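What the coordinates show
Here are the chains, one letter per residue:
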Amino acid sequence: MNDTEERVRHLFAVATEDVPPGIDLLRAVRERSASRRRMVRIRVAISAGTAAVVATAAAITLSAVPAPSALAQVTKAAEATARQSYHVRSVTGLKGNGPVTLNGEFDPARGVGEETSSTGARVRFAGGYMYLPLSDAFRAAFEKNRGISIPAGKSWARFPAPLRPGGEVTLIDLTQFGIGPSDLGQVSPQGLLGLLQSVSQVRQTGPASGHGWTGTAYSFTFTKAFGGPLHLVLRVKGTVGVDREGRVRQLDADYSIGRTRQRFEMTFGDFGAPVSVNAPPASEVYVPLGG
Amino acid sequence: MRRDDGGVDEQFAGYVRARGEHLLRVAVLLTGEWHAAEDLVQASLVKLYRAWPRLDTNADPDAYLRRIMVNTHRSWWRTRWRRETPTGVLPESVTSDDLAERQALGALVRQALAQLPRRQRAVLVLRYCEDLPEAEVARLLGCSVGTVKAHAHRGLRSLRGLLGDEFDLAGAHDERH
């Protein structure tokens, strides 16, 4: 073994000795194991119930194709909306704070989008990254948190966070960058549309309408546990308005992550409109380690 | 199958108790941070648990899990937005200057590793943390031994470049004490 290899082994040993406390490697296995046992019990119950239903239904001839379920309508609308360009306006606020208005434009097919708040905060998505303007407050908080010095001349910071047409919810905790959670949502509109594709509890509540559209309202709930030592759980409860073209037009939601509680009232529109967002010039972008 | 209090097969739980910390160490070198390492090991263990009843009693679970971890990490890398959230704050609570220095060095090494291309990183971890022979690394990564050698050479060079003096002085700190 040469010196270089010996040094690498030593460095790897140092890099792996500060194991944080509280890690439970069996947690996911335990949860899965419990969920499978629940599923087996449910299957048994359903089997018993199904036998009774089949006995009753044997004498009935179905003459119509059933309408898609509320769940199917909502997930399909969210999927369709998350695939096309749109403008979004959102009023959001933390309990005890005044409302903040957000305006955004997103084109998931091109993977670009931008959101600006009435407080001046901004977040931009392009090319698989999230860009945050390096304000003085952000620069100071980031440098303090990470013990680094950001070079002069950089006006944006870049982090991996691509926009995807749907899929899983991306949790972006902007508070770690010194940006208040009421300035910009911790979950982007695209993330909320992704969330709608994963909801499991949906109920049709009646007709819905807004400026230039009519459709159907649904209520939904969603819970997602994020991995990691903090065991953060995202809980969302809200209503969604779907227009006759099957697109999400209104999304009102109360969500909580940890102790943070926030309400969104989002309006989607201008579907198919061009979105003029691009990545900032590379020379102005600061890329942190791993960014 | 005997189960522990959490409903997990006792033999499997015993395996995780015995090997979990080592797996976590391999995972943090692959992912660059502890949060993602925990996620990677948990996800890999879920997959291993599914296969556990079918595993031959003579089979080496480490080898099986190593393959799962490498493949899972590769698939995460391809969709890295999903797991890699921008964190990485250096630890604040330290008890002595020496410990603080070691923790800072550890964080630097993880961050430097995270900057290497995925395959270079995987080769370095499998060669110098897992101590696997080149042929075994090649089999795991689905490439030739020559490619493994090339990745190892370039990876070591890059790591040295990224860490500078910290690389050349590695081990010297300990020898002073």
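For the structure, check the block above.
Throughout this document, residue positions are counted from 1 along each chain, in the order its sequence is written. Chain A is the first chain written and ligand 1 is the first ligand written, with later ones labelled in order. Given that the model is predicted, a residue must reach a pLDDT of at least 70 before its local features are reported, and side-chain atom pairs must reach 80 or more before they are shown or counted; all residues, however, enter totals for whole chains, interfaces and linings.

Only DSSP runs of H or I reaching four residues or more are called helices, and only runs of E reaching two or more are called strands; each is numbered from the N terminus. Each helix and strand counted, chain A has five helices and 12 strands in total. Buried means a residue has 20 or more other C-beta atoms within 10 Å of its own C-beta, exposed means 12 or fewer, and partly exposed covers the counts in between; C-beta atoms are placed from the backbone. Counting all 291 residues of chain A, 33% fall into the buried class. The long-range fraction of contacts in chain A, counting pairs at least 24 apart against all pairs at least 6 apart in sequence, stands at 61%. Contacts here follow a simple rule: the backbone-placed C-beta atoms of the two residues must lie within 7 Å.

Moving residue by residue along a regular strand, the side chains alternate between the two faces of the sheet. All names here are of chain A. The buried fraction of strand β2 (residues 100-107) is high, at six of eight residues. For two strands to be treated as a pair, DSSP must find no fewer than two bridges joining them. The pairing of β2 with strand β3 (residues 112-117) spans six bridges and is classified as antiparallel. When the sheet's bridge partners are listed, G104 is paired in β3 with E115. Between β2 and β3, which pair antiparallel and follow one another directly, the connecting turn spans four residues, one of which, G111, has a positive phi of 70°.

As a further point, take the environment of L65(B). Residue and element names in this part refer to chain B. Note that L65 resides in helix α3 (residues 61-78). Taking the C-alpha atoms as reference, L65 lies 9.9 Å from Y49; in sequence the two are 16 residues apart. With near-sequence residues (within four places) excluded, L65 lies in contact with L23, S44 and L48.

Further remarks concern unusual backbone geometry. Backbone geometry places D270(A), a non-glycine residue, at a positive phi of 50°. Mapped onto the secondary structure, D270(A) falls in the loop between β11 (260-269) and β12 (285-286). The partly exposed category is assigned to D270(A), around which 13 C-beta atoms lie within 10 Å. Here the phi dihedral of D131(B) falls at roughly 60°; this positive angle occurs in a residue that is not glycine. The residue D131(B) is located in the loop between α5 (118-128) and α6 (134-141) in this model. Classification of D131(B) by C-beta neighbours within 10 Å gives exposed; the count is 9.

All names here are of chain A. With four bridges connecting them, β3 and strand β4 (residues 122-126) associate as antiparallel partners. Counterpart to E115 in the pairing with β4 is V123. Between β3 and β4, which follow one another and run antiparallel, lie four residues, and G120 among them has a positive phi close to 100°.

Residues and elements named next belong to chain B. We define the nonpolar core as any set of buried residues of the types Ala, Val, Leu, Ile, Met, Phe, Trp, Tyr and Cys, connected via C-beta atoms lying within 7 Å of each other. In this structure, A27 and L29 are the most contacted members of the largest nonpolar core, which totals 57 residues. With 10 residues, helix α1 (residues 10-31) is the single largest residue contributor to this core. Here this core spans two domains, and each of domain 1 (1-86) and domain 2 (95-177) adds at least three residues to it. Not counting residues up to four positions away in its chain, the partners in contact with A27 are A37, L40, V41 and M69. Domain extents, as shown, originate in an automatic or database domain assignment.

α5(B) sits mainly inside the fold: nine of its 11 residues count as buried. Of the positions making up α5(B), those classed as buried are Q120(B), R121(B), A122(B), V123(B), L124(B), V125(B), L126(B), R127(B) and Y128(B).

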